[in-house]
Amino acid sequence: MSEPAAEEPLTPEELSELQEAWAEFAEAAKGSGVNSVHACTRNGKPWQKDPAAVRNMAALLRRVRDEDTTPGTEPAT
């Protein structure tokens, strides 16, 4: 059985992009009512280390927050 391949360290540019994505996520999480997030990817790469995935999660949180604050969009019961 082979060992999983070691992850390549992020370049300074990749690290900067990831940090920007996490700042977007943190902003989107404010007021969303979300206390925790659990997600997985299809390619096996942790979503937390993929700027595009982090930004997608931020967009999802913004949509949830916006739907919760838009008049006439009461959750279905």
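Check the entry above for the structure.
Residues numbered from 1 in each chain as written. Predicted model: local features only at pLDDT ≥ 70, side-chain atom pairs only at ≥ 80, totals over all residues. Heavy atoms only, no water.

**Re the overall build of the chain**
- Of regular secondary structure, the chain possesses two helices and zero strands.
- Here the chain holds 77 residues, and 16% of them are scored as buried.
- Across the chain, every contact between residues at least 6 apart in sequence was considered, and the portion connecting residues at least 24 apart equals 71%. (Helix = DSSP H or I, 4+ residues; strand = E, 2+ residues; numbered from the N terminus. Buried < 20%, exposed > 50% of the residue type's maximum accessible area, 1.4 Å probe, protein only. Contact = heavy atoms within 4.5 Å.)

**Overview of the pattern of salt bridges**
- This model, assessed by the stated rule, comprises four salt bridges.
- Between Arg55 and Glu24 there is a salt bridge, and its shortest N-O distance comes to 3.0 Å. In this pair, Arg55 sits in helix 2 (residues 51-69) while Glu24 sits in helix 1 (residues 12-29), placing the two residues 31 residues apart along the sequence.
- Since its relative accessible area comes to 22%, Arg55 is described here as partly exposed. (Salt bridge = Lys/Arg side-chain N within 4 Å of Asp/Glu carboxyl O.)

Bear in mind that shape data such as this cannot, by itself, settle questions of function.
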